Amino acid sequence: MKAVIFEQFGQTPRVQSVADPAPAATGVVIKVEATGLCRSDWHGWMGHDADIVLPHVPGHELAGTVQAVGKHVTQWKIGRRVTVPFVGGCGHCFECNSGNHQVCENQFQPGFTAWGSFAEYVAVDFADTNLVALPETLDFATAASLGCRFVTSFRAIVDQAKVKPGEWVAVHGCGGVGLSAIMIATAMGANVVAIDLTEEKLAFARELGAVATINGCETQDVIGAVREITKGGAHVSIDALGHPSTCFNSIANLRRRGRHVQVGLMLGDHAHPPIPMDKVIAHELEIYGSHGMQAFRYKALMDMLETGKLQPQKLIGKEIALDDAPAALMAMDRFEGLGINVITRF
Ligand SMILES: [Zn+2]
Ligand SMILES: [Zn+2]
């Protein structure tokens, strides 16, 4: 099969022919019909992820059709249209048994713990626990765009922060994660304040439902601006970028007993950012992470897609070919353009 592969971290990946994958006994092989590009793939390529063993094929936001089925798989047949969350639970550890597959102790992550979906085929383990059937109305590119940013934002807003109608939600950073969070929080009935450094992204944030926007380049005091708009601070705040300054602002702009959710990744030099712990104690703030979403929670998300309450297809930027993936991957740190690039030609 054709795959995007790199032999050294930071070295230009190449499209080359490699052996077709075979399914594990509890896994399947999926013919990839669409796969999204993500900043996590860039981090992996740069060597920021300890799980990656070289040589490596990236890609973790995928949708496709089941091509081969392992001998212990009972729920899935060849030809089914499916997607998977980017963290696949093993289905039998303590966390999986408690319903928290997103923090499984033996998690399977295509494109990190194994070869990923920048290829014609990808092997996915623990299929019975993690595969999600696609409704006929959902196209592959949109389905692929859900697997990472959108489900992580869904879990952040709905399951972690438990956003309620009428609450103020501040979203720091209007990339794929932030725009997803704005759309989901708006659908939940919250009032969203979006913060970014570019007017183009803020305009898109308003289109997706943000009721107020703050340009961090023009506003010296982002924390004060959020407090003013929300009349005392946000109930919920999301760092959707993953940077020490957005993380600090997101916690510091909360009202008393507010909830911060860290969704943007903090890797390398940013792994241990300063946070205003004095405020966390004095104001009883709550701090959460969000790390993917369990496959069984896709039901709620899919229902909101089918009824049109959520429209993730609005977040898709360009559809590209597998041959274009190496250049697009290497450019992922530049924050250019609106929307997610999805590979749909192999
Ligand atoms: Zn597990
Ligand atoms: Zn991703």
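In the block above lies the structure referred to throughout.
Residues numbered from 1 in each chain as written. Chains lettered and ligands numbered in written order. Predicted model: local features only at pLDDT ≥ 70, side-chain atom pairs only at ≥ 80, totals over all residues. Heavy atoms only, no water.

(A) Inspection of a nonpolar patch on the surface at higher detail. There is a patch of nonpolar side chains on the surface, built from Ile275, Met277, Ile281 and Ile287 and spanning about 360 Å² of accessible area. In this fold, isoleucine 275 is placed in the loop between β12 (254-262) and α9 (277-282). Overall, isoleucine 275 belongs to the partly exposed group, its relative accessible area being 31%. (Patch = residues over 30% accessible without salt bridge, like charges linked within 9 Å, V, L, I, M, F, W, Y side chains within 5 Å. Areas by Shrake-Rupley, 256 points an atom, 1.4 Å probe, with all protein chains shown as cover. Salt bridge = Lys/Arg side-chain N within 4 Å of Asp/Glu carboxyl O. Helix = DSSP H or I, 4+ residues; strand = E, 2+ residues; numbered from the N terminus. Buried < 20%, exposed > 50% of the residue type's maximum accessible area, 1.4 Å probe, protein only.)

(B) Molecular detail of the coordination of the zinc ion (ligand 2). The zinc ion (ligand 2) binds to the protein through Cys38 (SG), His60 (NE2), Glu61 (OE) and Cys148 (SG); the donor distances cover 2.0 to 2.3 Å. Mapping the donors of the zinc ion (ligand 2) onto the primary sequence yields the spacing C-x21-H-E-x86-C. Looking at histidine 60, the relative accessible area reads 0%, which means it is buried. (Donors = N, O, S within 2.8 Å, 3.2 Å for Na, K, Ca; no water.)

(C) Broad picture of the sheet that holds strand β13 (residues 286-289). Taken in spatial order, the six strands make up an open sheet running β10-β9-β8-β11-β12-β13, and their pairing is parallel. Each edge of the open sheet carries a strand with a single partner, namely β10 (212-215) and β13. Averaged over all adjacent pairs, the angle separating strand axes in this sheet is 20 degrees, with direction ignored. With five bridges joining them, strand β8 (residues 168-172) and strand β9 (residues 191-196) adopt parallel strand pairing. By the bridge assignment for β9, histidine 172 is matched with isoleucine 195. (Pairing = 2+ DSSP bridges. Axes fitted to C-alpha atoms, helices over the stretch in contact; angles between N-to-C directions.)

(D) Quick peek at the nonpolar core. Counting 53 residues, the largest nonpolar core has Ile157, Val169, Ile182, Ile238, Leu301 and Leu310 as the members making the most contacts within it. The set of elements that each furnish at least two residues to this core consists of α4 (140-160), β8, α5 (176-187), β9, α6 (199-207), β11 (234-239), α10 (298-306) and β15 (340-345). Considering each element in turn, this core owes the most residues, 11 residues, to α4. Two domains each provide a minimum of three residues to this core, namely domain 1 (2-148 + 293-343) and domain 2 (151-289). Filtering out sequence-adjacent residues up to four positions away, valine 169 remains in contact with Ile157, Val163, Ala185, Ala190, Asn191, Val192, Val193, Val236 and Ile238. (Core = buried A, V, L, I, M, F, W, Y, C linked by side-chain atoms within 4.5 Å. Domains from an automatic or database assignment. Contact = heavy atoms within 4.5 Å.)

(E) Region of interest: unusual backbone geometry. Cis geometry marks the peptide bond from leucine 54 to proline 55, where omega comes out at -10 degrees. Take proline 55: it is sitting in the loop between α1 (39-46) and β4 (61-69). Unusually for a residue other than glycine, lysine 231 sits at a positive phi of about 55 degrees. For lysine 231, the position within the fold is in the loop between α7 (222-229) and β11.

(F) Fine view of the pairing of strand β3 (residues 28-36). In terms of burial, β3 is largely enclosed, as seven of its nine residues are buried. With eight bridges joining them, β3 and β4 adopt antiparallel strand pairing. Within the sheet, the bridge partner assigned to valine 32 lies in β4 and is glycine 64. The pairing of β3 with strand β6 (residues 121-124) spans four bridges and is classified as antiparallel. Bridging across to β6, valine 29 finds its partner in alanine 123. Sheet analysis places β3 next to β15, joined by two bridges and oriented antiparallel. Bridged to glycine 36 within β15 is valine 342.

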